[in-house]
Amino acid sequence: MSLIQEIDFGTPKSKSEAMVTLTIDGNQITVPEGTSIMRAAMEAGTQIPKLCATDMVDAFGSCRLCLVEIEGRAGTPASCTTPVMPGLVVHTQSDRLKKLRKGVMELYISDHPLDCLTCAANGDCELQDMAGAVGLRDVRYGYEGENHVFAKSHGCENDSWMPKDESNPYFTYDPSKCIVCSRCVRACEEVQGTFALTISGRGFESRVSPGMSESFLGSECVSCGACVQACPTATLTEKSVIEIGQPEHSVVTTCAYCGVGCAFKAEMRGEEVVRMVPWKDGKANRGHSCVKGRFAWGYTTHKERILKPMIRERIEDPWQEVSWDEALNFAAAKFKGIQQKYGRDAVGGITSSRCTNEETYLVQKLIRAGFGNNNVDTCARVCHSPTGYGLSQTFGTSAGTQDFDSVEDTDVVLIIGANPASAHPVFASRLKKRLRQGAKLIVIDPRRTEMVESPHVKALHLPLMPGTNVAVLTALAHVIVTEGLVDEAFVRERCDWSEFADWAAFVAELKHSPEATAIMTGVDPQALREAARIYATGGNGAIYYGLGVTEHSQGSTTVIAIANLAMVTGNIGRPGVGVNPLRGQNNVQGSCDMGSFPHELPGYRHISGDAVREQFEAMWNVKLNNEPGLRIPNMFDAAIEGTFMGLYVQGEDILQSDPNTKHVVAALSAMECVIVHDLFLNETANYAHVFLPGSTFLEKDGTFTNAERRIQRVRKVMTPLNGYADWEVTILLAKAMGFEMKYNHPSEIMDEIAALTPTFTGVSYARLDELGSVQWPCNEKAPEGTPVMHIDGFVRGKGKFIITEYIATDERTGPRYPLLLTTGRILSQYNVGAQTRRTENVVWHAEDRLEIHPHDAEQRGVRDGDWVRLASRAGETTLRAEITDRVAPGVVYTTFHHPDTQANVITTDFSDWATNCPEYKVTAVQISPSNGPSDWQKAYDEQARHSRRIAPVVEAAE
Amino acid sequence: MSSSPDKLVYMANQIGKFFHSQGHDRAVQGISEHIWKFWDPRMRKQIFAHLDTGGAGLDPDVLDALQKLKQQA
Ligand code: SF4
Ligand code: SF4
Ligand code: SF4
Ligand code: FES
């Protein structure tokens, strides 16, 4: 194994299709029009010296190192800013060029410290490389003159010197090493889209400056690390590299945080991760990442990770550390006992959207084939199950229609109930880039999100009352239909016309107009009409949506309404358009694909279908139950009723992530055996009897499937600290229960999946190694996968318009609970925070805050930063208030990353009508000033501390 | 929303409300198909038991859909 060295072509790739031929150093080269001479040379294998150019950002032409000679042209143009022309004859090396370049380097080096041997970038410094490349042998100017290098010169303070900025937990900024190439500034603007950095001052005075000469941490910086990656020197350097040294080998793998699915090179020294560097060939992220994937992997070796299996008879007892055998036999005996006593259907399991496809597949196999029932569900239940339902009803597949590259061809972006800048940051960066090029943005969200507020982006924001999505989307359809903006040719060709006619008549009713619905939705009718016109007529229109759509009692209806909008405007079936759910966790798509729902086998095929079930029966060599099993909320109800007594939970914290915490606590407490298989003693583990230590994404092989349906490899870079990868644990548990599954490697599991699932038949590890990644369907018809779906027709045949009646949720405000609470995420934390809270990311978000409008705050005598009591019909908690007009009067907002807040104590158990996806996004609440934690929080905290005790190990007295 | 038949009645009616605007016949079809596809047998058994005692609280479309489903079962 060696370090993967990616070629830096110096300037970005040109998308032009017109080709240009020129001669460089005597070789004919043909490249797309708009390519720089620098890039053309590199494509032919000639590296022209450079410092300020790098292919992630546009050329700037400031260092003057990349000069070339062009026959027939005077002077020495910079090759990074000079585009190719037909017939040019270019020389990259001549006496004149050599002299000029040496002169440039001499100037740089005369203001640069010469501590190369002890510098963190030693071995990975472009300044060093260029000094070598141009043959710099001595520097005529001494170091005594004006410089940025020394704190003191001639015994006095050197005003040009600046101390290191170590405020960011993950990287340092050492201004004394800066060559002011502005790569970092351009990366922050062009790649990340945050505009946190500027070059302040001019000439010798110019400096890289976060914000208005702030510290990195104090500035707008979101710590994505793009600037660190772009910096050619040690000026911006990962602290981990400073601490450990340069990596010696690297392995390509996939981020385990969000549904964007960024590909990374894990750069290693032995089994120690030195740093994670986004991989330029990663088709989801194209060399970019966010703070979580790049930096927040410290949890993998956190001291709180549990590495030994543990058991206990009762949850009041302390945990006993035991051997794997003992824990597995204990668990198996309990489960078998429960099945004997209460029946075969009294146990079940929950698969994880954080684990690999292979692991998820095995858990559902264990349940269906080993437990002999279909009581398998996944936490996608609580986030995106309505997406599966809604899109399969209308289009015929349970997934998004595009790849992320598609956004580059989009003219109008409609974002509904999603906040990509926080939850899908790398996609947001790609989107913002397109918006800066002129695409239009419409945001439908109760809150003014970071997306609406991002720099250089103008958004049309429709702030709606939480819970009124369907009314707003139907009003958009009303405008499109009644103003004659329907793409009739598309609808006639692709959709069922009579269903369309019914639907069109329905949406055209006056009661669905923006004017008539404004009283419920709170959306300005003029703005809504404007949005409908832009989406219908503005060119390629793409819809991106998130949990603000699905987590409602009408979640599935909303997804259907979205699909209707895309069909009626013909925005489906080509690049730049489509319907795109932004998935929360890394493998939500995969866990759904892998048959994690109680009614569906892998590939979304209903369990009652004999032909499909028989295939699985033949392969697994067992008889399968043909009835749908229990969904998570139904499992809880059945537990309280006393008919569901054992649960195996892999890699999820259902207690913290599911709504109405008190109900979940009651359900878990009622069960006789809860097996938690996780990295940490999470909140669910407080009610567990068996704890099986899990492994991290760095410790196993497998695949994740991101929001684009893209299947990507996860590769093992270190031995599991807990002894086994999660897929091995599931096999061991199955074996203990008397059900044998034999696999030597996850690739064999994927082969089985491919053999049983028509959309996966072309997928294998060999294929993935060869292509990097594939988007399903991948089969004989699409051997390289399917970036855009429904191109020549819908998967289900004709697109199906379905009527979407707005039905107000039964969760209503009233005198006791007059405000509507809605929930969301922030960038630096992930989901329930189990991982990110165990990294330095806590500097950005130490606690959950309640956002409240100044008007509502004043009425209640709440000041910024005050503790407030947040109460709903389900329960109450306390947290601190943040007063802001990002939320409208009548609406409050919070995140749910911290267990102390227990935001889900507040949420009710109302849920989506079709899928029982809980209604997180609307809860009627009241706010009042408070002095501190509620009684529930204190009692919960006490129970948690009690339950997490681990008994000291005593030698067995035999 | 705590005891079981109430909750199931609530869920069934919620499904019914979605299909309601499609007219009685399609609604009955849609509701029964949905419950057949997504509810586990013990939930179906419970709601059928409730149906046998008069089906209090069930909306008309839902009542018809459950009757139909029960006959098929
Ligand atoms: S870390 Fe990202 S956001 Fe921060 S300054 Fe660098 S590029 Fe900009
Ligand atoms: S910090 Fe690095 S990338 Fe930024 S200007 Fe200085 S040397 Fe260039
Ligand atoms: S969390 Fe998401 S956006 Fe950030 S690096 Fe990981 S996959 Fe990419
Ligand atoms: S690399 Fe071309 S001017 Fe710096």
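What counts, and at which threshold
- Residues numbered from 1 in each chain as written.
- Chains lettered and ligands numbered in written order.
- Predicted model: local features only at pLDDT ≥ 70, side-chain atom pairs only at ≥ 80, totals over all residues.
- Heavy atoms only, no water.
- Helix = DSSP H or I, 4+ residues; strand = E, 2+ residues; numbered from the N terminus.
- Rg over C-alpha atoms; globule rule 2.2 N^0.38 Å.
- Buried < 20%, exposed > 50% of the residue type's maximum accessible area, 1.4 Å probe, protein only.
- Lys, Arg positive; Asp, Glu negative; His and termini not counted.
- Charge placed at Lys NZ, Arg CZ, Asp CG, Glu CD.
- Contact = heavy atoms within 4.5 Å.
- Areas by Shrake-Rupley, 256 points an atom, 1.4 Å probe, with all protein chains shown as cover.
- Domains from an automatic or database assignment.
- Buried area = accessible area lost by both parts, 1.4 Å probe.
- Salt bridge = Lys/Arg side-chain N within 4 Å of Asp/Glu carboxyl O.
- Polar contact = N/O pair within 3.5 Å; in protein donor to acceptor, adjacent residues only side chain to side chain.
- Nonpolar A, V, L, I, M, F, W, Y, C, P; charged D, E, K, R; others polar.
- Near = heavy atom within 4 Å.
- Pairing = 2+ DSSP bridges.
- Axes fitted to C-alpha atoms, helices over the stretch in contact; angles between N-to-C directions.
- Phe/Tyr/Trp six-rings, centres within 6.5 Å; stacked < 30°, edge-to-face > 60°.
- Lys NZ or Arg CZ within 6 Å of the ring centre and 35° of its normal.
- Expected span 1.5 Å × (residues − 1).
- Parallel < 35°, antiparallel > 145°, perpendicular 65-115°, else oblique.
- Left-handed = near helix turned anticlockwise from the far one by under 90°.
- Disulfide = S-S within 2.5 Å.

J.: Please provide a residue-by-residue account of the overall build of chain A, values included.
T.: A count of helical and extended segments in chain A gives 30 helices and 36 strands. Relative to the 2.2 N^0.38 estimate, which gives 30 Å for 958 residues, the radius of gyration of chain A is 29 Å and therefore close to what a compact globule would have. In terms of its C-alpha atoms, chain A occupies a principal-axis envelope of roughly 90 × 85 × 65 Å. The buried share of chain A, taken over its 958 residues, is 65%. Charge-centre separation for chain A: the mean point of 93 positive side chains lies 2 Å from the mean point of 119 negative side chains.

J.: Please set out the overall build of chain B residue by residue, giving values where relevant.
T.: Of regular secondary structure, chain B possesses 4 helices and 0 strands. Overall, chain B shows an N-to-C arrangement of helices and strands of α-α-α-α. A compact globule built from 73 residues would reach a C-alpha radius of gyration of about 11 Å, and chain B, at 11 Å, matches this within 12%. Taken over 73 residues, chain B has a buried fraction of 51%. Sequence-distant contacts in chain B: of pairs separated by 6 or more residues, those separated by 24 or more amount to 59%. For chain B, the computed accessible surface area is about 3,500 Å², with 55% contributed by carbon and sulfur atoms. Separation between the mean location of the 9 positive side-chain charges and that of the 8 negative ones in chain B comes to 7 Å.

J.: Go over the domain arrangement of chain A, please, and point to the residues and values.
T.: For chain A, the domain assignment lists domain 1 (19–133), domain 2 (325–384 + 587–775), domain 3 (401–572) and domain 4 (819–946). On a C-alpha basis, the centres of domain 1 of chain A and domain 3 of chain A stand 46 Å from each other.

J.: Quick one: what's the story with the interface of chain B and chain A, residue by residue and with numbers?
T.: At the interface, 24 residues of chain B touch 34 residues of chain A. Between chain B and chain A lies a buried interface of about 2,500 Å² when both sides are counted; carbon and sulfur atoms form 53% of it. On the surface where chain B and chain A come into contact, there are 3 salt bridges. At the junction of chain B with chain A, the criterion picks out 8 residue pairs in polar contact (both at pLDDT 80 or more). For the side of chain B that touches chain A, the elements supplying multiple residues, two or more each, are α1 (4–20), α2 (24–38) and α3 (41–52) of chain B. Per element, the largest residue contribution to the side of chain B that touches chain A is 9 residues, and it comes from α1 of chain B. Of the residues that constitute the side of chain B that touches chain A, the class distribution is 11 nonpolar, 6 polar and 7 charged.

J.: Quick rundown of the site of ligand 1? Include the residues and the values.
T.: With respect to spatial proximity, the complete set of residues near ligand 1 consists of F171, C188, L197, F216, C221, V222, S223, C224, G225, A226 and C227 of chain A. Taken together, the residues that form the shell around ligand 1 break down as 9 nonpolar, 2 polar and no charged.

J.: Requested: an account of the pairing of strand β16 (residues 347–351) of chain A, with residues and values cited.
T.: All names here are of chain A. Counting buried positions along β16 yields 5 of 5 residues, so the element is predominantly enclosed. Across the two faces of β16 the burial is the same, with V347, G349 and T351 and G348 and I350 all buried. One ladder, built from 4 bridges, connects β16 with strand β25 (residues 646–650); its direction is parallel. If you follow G349 over to β25, its bridge partner there is Y648.

J.: An account of the pattern of salt bridges is needed here, citing residue identities and associated values.
T.: Residue and element names in this part refer to chain A. Within the structure shown, the criterion is met by 55 salt bridges over all chains. A salt bridge links D124 to R275; the shortest N-O distance between them is 3.1 Å. Separated by 151 residues along the polypeptide, D124 in the loop between α2 (95–110) and α3 (126–133) and R275 in strand β13 (residues 272–278) bring together distant segments of the chain. Looking at R275, the relative accessible area reads 13%, which means it is buried. Notably, a salt bridge pairs R533 with E483, separated by 2.8 Å at the nearest N-O pair. Placement of R533 in helix α18 (residues 525–537) and of E483 in the loop between α14 (469–482) and α15 (488–494) is noted, with a sequence separation of 50 residues between them. Residue R533 is classed as partly exposed on the basis of its relative accessible area of 32%.

J.: Describe the sheet that holds strand β28 (residues 702–705) of chain A, with residues and values.
T.: Residues and elements named next belong to chain A. Taken in spatial order, the 3 strands line up as β28-β29-β30 in an open sheet, and their pairing is antiparallel. Both edges of this open sheet fall to β28 and β30 (773–775), since each of them pairs with a single strand only. Looking at each pair of strands side by side, their axes are set apart by 30 degrees on average, direction ignored. Judged from the 3 bridges that link them, strand β29 (residues 710–714) and β30 form a sheet pairing that is antiparallel. Counterpart to R710 in the pairing with β30 is Q775. In the packing of helix α9 (residues 357–371) onto the sheet, contacts are made with β28 and β29, and the angle to β28 comes to roughly 95 degrees.

J.: Tell me what's going on with the packing of aromatic side chains, and back it up with residues and numbers.
T.: Residues and elements named next belong to chain A. This model, assessed by the stated rule, comprises 23 aromatic pairs over all chains. Arranged with centres 6.1 Å apart and planes meeting at 65 degrees, the rings of Y257 and Y299 form a pair that is edge-to-face. Remark: Y299 occurs in the loop between α7 (291–295) and β14 (310–311) and Y257 occurs in the loop between β11 (249–254) and β12 (263–269); sequence separation between them is 42 residues. Grouping residues by exposure puts Y257 and Y299 together as buried. Members of the aromatic cluster, joined through ring pairs, are Y170, F171, Y173, F216 and F295. Lying over the aromatic face of W319, R312 brings its terminal NZ or CZ to 3.9 Å of the ring centre.

J.: A description of helix α27 (residues 746–756) of chain A should follow, citing residues and the corresponding values.
T.: Across the 11 residues of α27 of chain A, 8 count as buried, placing the element largely inside the fold. Taken together, the buried positions of α27 of chain A are occupied by P746, S747, I749, M750, E752, I753, A754 and L756 of chain A.

J.: Break down the site of ligand 2 for me, with residues and values.
T.: In the vicinity of ligand 2 lie 13 residues, with C178, C181, S182, C184 and C231 of chain A positioned nearest. Of the residues contributing to the shell around ligand 2, the split by class is 9 nonpolar, 3 polar and 1 charged.

J.: Tell me about the pairing of β11 of chain A, and please be specific about residues and values.
T.: All names here are of chain A. In terms of burial, β11 is largely enclosed, as 6 of its 6 residues are buried. Neither face of β11 is open: one carries H249, V251 and T253, the other S250, V252 and T254, and all of them are buried. Pairing geometry for β11 and β12, over 6 bridges, is antiparallel. Its bridge partner lying in β12, V252 is registered against K265.

J.: I'd love a proper account of the sheet that holds β12 of chain A, names of residues and values included.
T.: All names here are of chain A. Across the sheet, which stays open at both edges, the 3 strands sit in the order β11-β12-β13 with antiparallel pairing between neighbours. A single partner strand is all that each edge strand has here, and the edge strands are β11 and β13. Taking each pair of neighbouring strands and ignoring which way they run, the sheet shows an average axis angle of 30 degrees.

J.: Would you mind going over unusual backbone geometry in detail, with residue names and values included?
T.: All names here are of chain A. In this model, W776 is joined to P777 through a cis peptide bond whose omega is -5 degrees. Positive phi is not limited to glycine here, since V180 has a value of about 50 degrees. Position of V180 relative to the elements: it lies in the loop between β7 (171–173) and α4 (183–192).

J.: Mind laying out helix α8 (residues 324–342) of chain A, listing which residues take part and the relevant values?
T.: Here α8 of chain A spans 27 Å end to end across 19 residues, near enough to the 27 Å set by a 1.5 Å rise per residue. Once α8 of chain A finishes, G343 of chain A follows within two positions and takes phi at roughly 105 degrees, a positive value.

J.: Which residues make up the packing of helix α10 (residues 385–394) of chain A against helix α20 (residues 555–568) of chain A, and what values do they have?
T.: All names here are of chain A. Two elements in contact, α10 and α20, have axes whose closest approach is 8 Å; the angle formed by their N-to-C orientations is 40 degrees. Here α10 is positioned oblique relative to α20, judged by the angle of their axes. Taken as a pair, α10 and α20 cross one another with a handedness that is right-handed. Two secondary-structure elements touch here, α10 through P386, T387, Y389, G390, L391 and T394 and α20 through G555, S556, V559, I560, A563 and M567. A breakdown of the residues in the contact of α10 with α20 according to their chemical character gives 7 nonpolar, 5 polar and no charged.

J.: Summarise the side chain of D8 of chain A; cite the residues concerned and give the values.
T.: All names here are of chain A. Summarising the element assignment, D8 is placed in the segment before β1 (19–24). Take D8: its relative accessible area is 18%, and that puts it in the buried class. There is a polar contact of 2.9 Å between the side chain of D8 and the side chain of K50. A polar side-chain atom of D8 sits 2.9 Å from the main-chain amide nitrogen of D55. D8 has contacts with M42, K50, A53, T54, D55, R183 and K280, leaving out every residue within four places of it along the chain.

J.: Please set out the state of the cysteines residue by residue, giving values where relevant.
T.: Residues and elements named next belong to chain A. Evaluation of the coordinates by the stated rule reveals 0 disulfides over all chains. No disulfide involves C119; its nearest neighbouring cysteine sulfur is the one of C125, lying 6.3 Å away. For C119, a relative accessible area of 15% translates into the label buried.

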